[in-house]
Amino acid sequence: MKKVLQITLGIVTSVGGFLEIGSVTTAAQAGAAFRYQLLWAVLLGTICLIFLVEMSGRLAAVSKHTIVEATRERFGFPFFFIVLIGMVAISFLVLVAELGGIGLSLQILTGIGFPWWAIPVSFIVWLLMWKGTFGLIENGASLLGLVTLAFVVAAVKLHPDWGTAAHGLLPSFPGDQKAKYWFVAVSILGASISPYLMYFYSSGAIEDEWDETYIPVNRFIATFGMSLGGFLSMAVLVVAALVFYPKGIDIQKFEQASMLLTTALPKWGFFLFAMSMLFACLGAALEISLAIAYFFAQGFGWNWGEDLVPSRDSRFCFTYTIIIMAAAIPLLFGVDPIKVTIISMALTSAALPLAIVPFLFLMNDPIYLGKHRNGWVSNTVVAIVVLISFVLAVISIPLEIIGS
Amino acid sequence: MNLVRDVLDKELLDCEEEPMGRVDGLVMHVGKSSQPRITHIEVGGPVPWERVHPALARLAKRLAGMWGPKRAGEVRIPWSHVETVGRDIKLDVEARETGAIAWEIWLAHHVIERIPGGGSEEADDGY
Amino acid sequence: MDSIQSWLATAELVGEAWLRHTTPDKYSRQTLELSRETLLQISSDLLKSPPHSVDSASLDSILTRSRVSVAQMARLIQAKDAPDFGRQLDSLRADQKLVKQLSDRIESRQ
């Protein structure tokens, strides 16, 4: 019975916690610029994420190690340090974007510019980390994130031609704006396959003391939770396709995206968008801060745990305090969070091999997983998607830089 | 026992199963006729950075000298204190006594405990 | 030209949304201001190296007029003057059509 409850909670928190500024921005851009054509990118990213999340949970449950712990132990400190630099740098950029997302949501609600919100928002995020427990953060933020279901409601209310939309699930080549098409595709992949999710999920499995009996639970949560989350991203894309594409609006600023729900939901749409982004970005900001702190703590062998009083894991708490404070700085100077989002999503795709290749080695290592090693399906799907993301990123990022 | 695989980079737990860092380095005695054996475990300081690049080790030493606990160099724990080698390496000493968590305690006293809600790191109940 | 049409459409969408009471005053006004500023920046860049098949003087006047409409709309929100707002919105839509025609002409000549 306890496991059934955990499955339900796990799926619900996966859905509520799925969207964040990266997935919403990239999906909205895709729908506005290319109608349904890029649905395949969301699908591909989600499928890959399902496998990666399932693997993260399985590694933790069987080996009782988080991904970071296993990476350092298996590959040694020098290699681990390289991965740390890459992953922390990119996750930091995403954190800046998420804090900015909270600020922008408050901006459209109050009219007060997001730089003014930088300090209050990062203080609140820090306070929740300082005082909160893992359960409160993981479940609380994600349950609030369920307000993002408004996107699905809006998609249904706008009566899209589901047949035409379904065609978008198959990869297609763009007519014009080729460079932009592949760049947005790469950004969607980077937004879906966020490494910080993997590190957070495996740490969570250890905090929740999973063991081998949790393998089926893990599979359920990963599959259904992430699939439903993927549907949410697709809903955002579909709504953007119906609201912005016919008008020829290209989403470059948060203010433009804010009108996403007002057509389908006249009375509450604007408010729901603001609240969706606020809670979604808040949840993501908490997860990323934890993920970065976990990376340092687990890699260097510090005491760590969100349920501990801060002075019992002082280096861990010090790390996330510094990270959150630092992430507020670009926002204070008015750096546009949407621009940071787009850049960090594309960079994530380019850096995926750094996170995933060692991870795949671990998932096939009998010392860590015994008989629960990866099958050929997991290995193949992940390897192919990561290869595609990397190649597309390496090609399209320079083209986009040249183009703009 | 494969030294690299089974000992290096593994997590160290003290006699109360508290984490106290990782095995960043090993000091070995290589005799003429006998097998090389580990004499000490090295934790912290410039030891792990030495493995990446010597310049980083020098930088780590300099930064540690400017700030933080006075006893912030690397810590050497005699191999005789190792109880078990398994998923982690369990020692029969208290973390505090080895000096391996000097930074942890220093940060707790000088930064964390000064912030409201930070608690006290000497309290028995850590929750 | 695509960016211009995108931001004209943004202003039009906000205008329509405000008239239907689906967006709050402050946000609508700020977004119209943002649209106007962005249009100004894009227009000045565009007119530095204007497209060949179009009379840059007429393009400039259409764009200036549309920016004035957008600015007026922002002011009228403060005054909560819906009827005048609606008239400015229609003027904006008319300019949008003209810009679209010009854009199509440029594309067909390429």
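The rules we used
Residues numbered from 1 in each chain as written. Chains lettered and ligands numbered in written order. Predicted model: local features only at pLDDT ≥ 70, side-chain atom pairs only at ≥ 80, totals over all residues. Helix = DSSP H or I, 4+ residues; strand = E, 2+ residues; numbered from the N terminus. Buried ≥ 20, exposed ≤ 12 C-beta atoms within 10 Å, placed from the backbone. Contact = placed C-beta atoms within 7 Å. Rg over C-alpha atoms; globule rule 2.2 N^0.38 Å. Nonpolar A, V, L, I, M, F, W, Y, C, P; charged D, E, K, R; others polar. Pairing = 2+ DSSP bridges. Axes fitted to C-alpha atoms, helices over the stretch in contact; angles between N-to-C directions. Core = buried A, V, L, I, M, F, W, Y, C linked by C-beta atoms within 7 Å. pLDDT = per-residue confidence, 0-100. Parallel < 35°, antiparallel > 145°, perpendicular 65-115°, else oblique. Expected span 1.5 Å × (residues − 1). Bend = angle between axes of the 7 residues up to and from the residue. Left-handed = near helix turned anticlockwise from the far one by under 90°.

Colleague: Just to check I follow, could you spell out the overall build of chain B for this structure?
Modeller: Tallying secondary structure elements over chain B gives 5 helices and 7 strands in all. Counting helices and strands in the order they occur from the N terminus, chain B gives α-β-β-β-β-α-α-β-β-β-α-α. Overall size of chain B, expressed as C-alpha extent along the three principal axes, is 60 × 35 × 20 Å. Within the span of chain B, comprising 127 residues, buried residues form 34% of the whole. A sequence separation of at least 24 residues applies to 49% of the contacts in chain B between residues at least 6 apart.

Colleague: Can you walk me through the overall build of chain C in this structure?
Modeller: What chain C contains, in helices and strands, is 4 helices and 0 strands. Starting at the N terminus and ending at the C terminus, chain C contains elements arranged as α-α-α-α. In terms of overall dimensions, chain C is globule-like: its C-alpha atoms have a radius of gyration of 14 Å, near the 13 Å expected for 110 residues. With the C-alpha coordinates of chain C rotated into their principal frame, the extents come out at 45 × 20 × 20 Å. The proportion of buried residues among the 110 residues of chain C is 39%. A fraction of 72% describes how many contacts in chain C between residues 6 or more apart in sequence connect residues 24 or more apart.

Colleague: For this particular structure, what's the right way to read the interface of chain A and chain C?
Modeller: How big an interface is tends to be reported as the loss of accessible area on association of its parts. Counting from both sides, the interface comprises 14 residues of chain A and, opposite them, 18 residues of chain C. Classifying every residue of the side of chain A that touches chain C by side-chain character gives 5 nonpolar, 5 polar and 4 charged.

Colleague: Explain the sheet that holds strand β5 (residues 75–78) of chain B to me, please; I cannot follow it from the model alone.
Modeller: The strands that make up a sheet pair up through hydrogen bonds in the backbone, lying either parallel or antiparallel. Residue and element names in this part refer to chain B. Sheet architecture is open: 3 strands sit in the order β3-β4-β5, paired in antiparallel fashion. Each edge of the sheet is formed by a strand with only one pairing partner; in this case those strands are β3 (25–29) and β5. Strand-to-strand, the axes of this sheet are offset by a mean angle of 30 degrees, without reference to chain direction. In the sheet, strand β4 (residues 37–43) pairs with β5 via 4 bridges, with the strands oriented antiparallel. Directly across from E42, in β5, lies its bridge partner R76.

Colleague: Looking at this structure, how should I read the interface of chain A and chain B?
Modeller: Opposite the 24 residues of chain A that make contact, chain B presents 28 residues. Contributing elements (two or more residues each) for the side of chain A that touches chain B: α4 (67–75), α5 (77–110), α6 (114–131) and α15 (314–332) of chain A. The dominant element in the side of chain A that touches chain B, judged by the number of residues it contributes, is α15 of chain A, at 4 residues. When grouped by side-chain class, the residues that make up the side of chain A that touches chain B number 11 nonpolar, 5 polar and 8 charged.

Colleague: For this particular structure, what's the right way to read the nonpolar core?
Modeller: Residue and element names in this part refer to chain A. Core analysis: the biggest nonpolar cluster contains 199 residues, and L99, L237, V239 and A240 have the highest contact counts within it. Element by element, the count of residues in this core is highest for helix α14 (residues 269–300), at 22 residues. Not counting residues within four places of it along the chain, the set of residues in contact with A240 comprises A27, A28, G31, A32 and L260.

Colleague: Quick question: what am I supposed to make of the confidence of the model for chain C here?
Modeller: The predicted coordinates ought not to be read in detail in places where the model reports low pLDDT. Residues and elements named next belong to chain C. For chain C, mean pLDDT is 91; residues scoring 70 or higher make up 99% of the total. For chain C, per-element mean pLDDT is lowest for helix α4 (residues 82–109), which scores 90, and highest for helix α1 (residues 2–19), which scores 95. Predicted complex metrics record ipTM = 0.94 and pTM = 0.94.

Colleague: What exactly am I supposed to notice about the pairing of strand β6 (residues 82–85) of chain B here?
Modeller: Consecutive side chains along a regular strand alternate between the two faces of the sheet. All names here are of chain B. Pairing analysis gives 3 bridges linking β6 to strand β7 (residues 89–91), with the strands arranged antiparallel. Its bridge partner lying in β7, T84 is registered against K90. Between β6 and β7, which pair antiparallel and follow one another directly, the connecting turn spans 3 residues.

Colleague: Please explain the sheet that holds strand β1 (residues 11–13) of chain B as it appears in this structure.
Modeller: Residue and element names in this part refer to chain B. Taken together, 4 strands build an open sheet; the order of strands is β2-β1-β7-β6 and the sheet is mixed. Strands at the two margins of the open sheet, each flanked by one partner only, are β2 (19–22) and β6. Each strand axis lies, on average, 25 degrees off the axis of its neighbour in the sheet, ignoring direction. Relative to β2, β1 runs antiparallel, the two sharing 2 bridges. Within β2, the position partnered with E11 by the bridge is R22.

Colleague: Could you clarify how one ought to interpret the packing of α15 of chain A against helix α5 (residues 102–110) of chain B in this entry?
Modeller: Each pair of packed helices gets described by two things: the angle between the helix axes and the distance between those axes. The N-to-C vectors of α15 of chain A and α5 of chain B enclose an angle of 60 degrees; their axes lie 8 Å apart at closest approach. The angle between the axes of α15 of chain A and α5 of chain B places the two elements in the oblique class. Mapping the contact onto sequence places S314, R315 and F318 of chain A in α15 of chain A and W103, E104, L107 and A108 of chain B in α5 of chain B. Residues belonging to the contact of α15 of chain A with α5 of chain B are distributed by class as follows: 4 nonpolar, 1 polar and 2 charged.

Colleague: I keep staring at helix α18 (residues 376–403) of chain A and nothing clicks. Help me out?
Modeller: Owing to its 3.6 residues per turn, the α-helix brings residues three or four apart onto one side. Residue and element names in this part refer to chain A. The first and last C-alpha atoms of α18 sit 40 Å apart over 28 residues, in line with the 40 Å expected at 1.5 Å per residue. A393 marks where α18 bends most, by close to 25 degrees. Turning to α18, its buried residues number three or more, namely V382, V385, V386, S389, L392, A393 and S396. In this structure, the buried residues of α18 make contact with α3 (39–63), α10 (178–192) and α16 (337–363).

Colleague: Any chance you could explain the arrangement of the chains here in plain terms?
Modeller: No other pair of the 2 pairs of chains in contact has as many contacts as chains A and B. With respect to C-alpha atoms, chain B approaches chain C no nearer than 38 Å, and the pair has no contact.

Colleague: Please explain the environment of A393 of chain A as it appears in this structure.
Modeller: Residue and element names in this part refer to chain A. For A393, the position within the fold is in helix α18. Linking A393 and F183, residues 210 residues apart in sequence, is a C-alpha distance of 7.2 Å. Every residue in contact with A393, bar those within four places of it in the chain, is listed here: V186, A346, S349 and A350.

Colleague: Would you explain the environment of G299 of chain A in this entry?
Modeller: Residues and elements named next belong to chain A. Examined against the element boundaries, G299 turns out to sit in helix α14. The spacing of G299 and F220 is 79 residues in sequence and 29 Å in space, taken between C-alpha atoms. Setting aside residues no more than four positions away along its own chain, G299 makes contact with V68, R72, F80 and L84.

Colleague: Please explain the environment of R93 of chain C as it appears in this structure.
Modeller: For R93 of chain C, the location among the structural elements is in helix α4. For the pair R93 of chain C and I106 of chain C, spaced 13 residues apart in sequence, the C-alpha separation works out to 20 Å.

Colleague: Teacher, can you tell me more about the packing of α5 of chain A against α14 of chain A here?
Modeller: All names here are of chain A. Remark: α5 packs on α14, axes separated minimally by 8 Å, with the N-to-C direction vectors making an angle of 155 degrees. Classified by the interaxial angle, the pair formed by α5 and α14 is roughly antiparallel. For the pair α5 and α14, the crossing hand works out as left-handed. Grouping the amino acids of the contact of α5 with α14 by side-chain chemistry returns 22 nonpolar, 5 polar and 1 charged.

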